[in-house]
Amino acid sequence: MCAARRVVTYRRDSENRDALVAEIAARDGLAVVPSANSRHIMAGAGTAALGLLTDHPEIETLVVPVCGLAAGTAKHLHPGIKVLGVEPQEGADTLTAGAVRSSQIVEAWEGW
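The residue count restarts for each chain, going from 1 along the sequence in the order it is written. Given that this is a predicted model, residues contribute local features only at a pLDDT of at least 70 and side-chain atom pairs are listed and counted only at 80 or more, while totals for whole chains, interfaces and linings are drawn from all residues. The side-chain numbers reported here are obtained from all heavy atoms of the structure, hydrogens and water having been left aside.

## Some details on the overall build of the chain
Phase 1 of the analysis: A tally of helices and strands in the chain yields four helices and two strands.
Phase 2 of the analysis: Of the regular secondary structure in the chain, the N- to C-terminal order runs α-α-β-α-β-α.
Phase 3 of the analysis: Carbon and sulfur atoms make up 56% of the accessible area of the chain, which totals about 9200 Å². What counts as a helix is a DSSP run of H or I of at least four residues, what counts as a strand is a run of E of at least two, and both are numbered from the N terminus. All accessible-area figures derive from a Shrake-Rupley calculation using a 1.4 Å probe, and residue coverage is judged against the displayed protein chains alone.

Dropping the structure here:
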């Protein structure tokens, strides 16, 4: 089992996260596991969606992180499914990049 040795914070408005990760990995001899831009991560997300929708074909709406590649699988398996991409307001990279057609800021659901 792996665990984080430490949490590194950075300034989103003035520091480059990818460059910082690459620097730490090179310095400490670590491998970088990208959050989404990896065929292994994509395959895993697709497999998770396949399992979920195979076991529960009644699902009408799927809520996924905006980088959650499960959305493509969901649309392929169930063309009528509604897919909602979500991200935290403080980390709204997709929204601020203009990569979404519409947006709505909502409060956290009760019980979360």
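## Quick notes on the environment of Val-64
Phase 1 of the analysis: Take Val-64: it is sitting in strand β1 (residues 61-65).
Phase 2 of the analysis: When its relative accessible area of 7% is taken as the criterion, Val-64 is described as buried.
Phase 3 of the analysis: Val-64 sits 20 residues away from Leu-84 along the chain, and the two C-alpha atoms are 6.2 Å apart. Only protein chains enter the calculation, and the probe is 1.4 Å; a residue is then buried if its accessible area is under 20% of its type maximum, exposed if over 50%, and partly exposed in between.

## Re the pattern of salt bridges
Phase 1 of the analysis: Each reported salt bridge corresponds to a side-chain nitrogen of Lys or Arg within 4 Å of a carboxyl oxygen of Asp or Glu. Evaluated as defined, the whole model comprises one salt bridge.
Phase 2 of the analysis: Between Asp-28 and Arg-27 there is a salt bridge, with its nearest N and O atoms 2.9 Å apart.
Phase 3 of the analysis: A residue is classified by how much of its surface remains accessible, and Asp-28, at 27% relative accessible area, is partly exposed.
Phase 4 of the analysis: Arg-27 gets classed as exposed once you look at its relative accessible area, which sits at 52%.

## Remarks on the nonpolar core
Phase 1 of the analysis: We define the nonpolar core as a collection of buried residues of types Ala, Val, Leu, Ile, Met, Phe, Trp, Tyr and Cys that are connected through side-chain atoms lying within 4.5 Å of one another. Leu-53, Leu-62, Val-64, Ala-74 and Ile-81 form the largest nonpolar core, which has five residues in total.
Phase 2 of the analysis: Here a residue-residue contact requires only that any non-hydrogen atoms of the pair lie within 4.5 Å. Those residues in contact with Ala-74 that sit more than four places away from it in its chain are Leu-53, Leu-62, Ile-81 and Val-83.

## Remarks on the pairing of β1
Phase 1 of the analysis: Residues of β1 alternate between two faces, with Leu-62 and Val-64 buried on one and Thr-61, Val-63 and Pro-65 left unburied on the opposite face.
Phase 2 of the analysis: Pairing between strands requires that DSSP locate at least two bridges from one strand to the other. Sheet topology note: the β1/strand β2 (residues 82-86) ladder contains five bridges and is parallel. Bridged to Val-63 within β2 is Leu-84.

## Topic: helix α2 (residues 39-55)
Phase 1 of the analysis: Here the expected span of a helix is defined as 1.5 Å times the quantity of residues minus one. For α2, with 17 residues, the first-to-last C-alpha span of 24 Å sits near the 24 Å given by 1.5 Å per residue.
Phase 2 of the analysis: Every buried residue of α2 is listed here: Ala-45, Gly-46, Ala-49 and Leu-53. Mapping the buried residues of α2 onto a view down its axis gives an arc of 95 degrees, with all of them on the same face. Across α2 from its buried face, at more than 90 degrees, point the exposed residues His-40, Thr-47, Thr-54 and Asp-55. In this description, the arc belongs to the directions extending from the helix axis to the C-beta atoms.

## A short note on the environment of Asp-28
Phase 1 of the analysis: Its location among the elements puts Asp-28 in helix α1 (residues 17-28).
Phase 2 of the analysis: In terms of polar contacts, Asp-28 uses its side chain to reach the side chain of Arg-27, at 2.9 Å. N or O atoms within 3.5 Å of each other form a polar contact, as long as, within protein, one can give a hydrogen and the other can take it, and as long as residues adjacent in sequence are counted only when both atoms are side-chain atoms.

## Thoughts on α1
Phase 1 of the analysis: Compared with the 16 Å implied by 1.5 Å per residue over 12 residues, the 16 Å span of α1 between its first and last C-alpha is a close match.
Phase 2 of the analysis: The backbone nitrogen of Asp-18 has a side-chain oxygen 2.9 Å away, supplied by the residue at the start of α1, namely Asn-16.
Phase 3 of the analysis: Two residues or fewer after α1 comes Gly-29, characterised by a positive phi angle close to 65 degrees.

## Side note on the confidence of the model for the chain
Detailed reading of the predicted coordinates is not advisable wherever pLDDT is low.
Phase 1 of the analysis: Residue-level pLDDT values for the chain average 74, and 64% of them are 70 or greater.
Phase 2 of the analysis: pLDDT measures how confident the predictor is about each residue, on a scale from 0 to 100. When the elements of the chain are averaged for pLDDT, helix α4 (residues 93-96) gives the smallest value, 57, and α1 the largest, 91.

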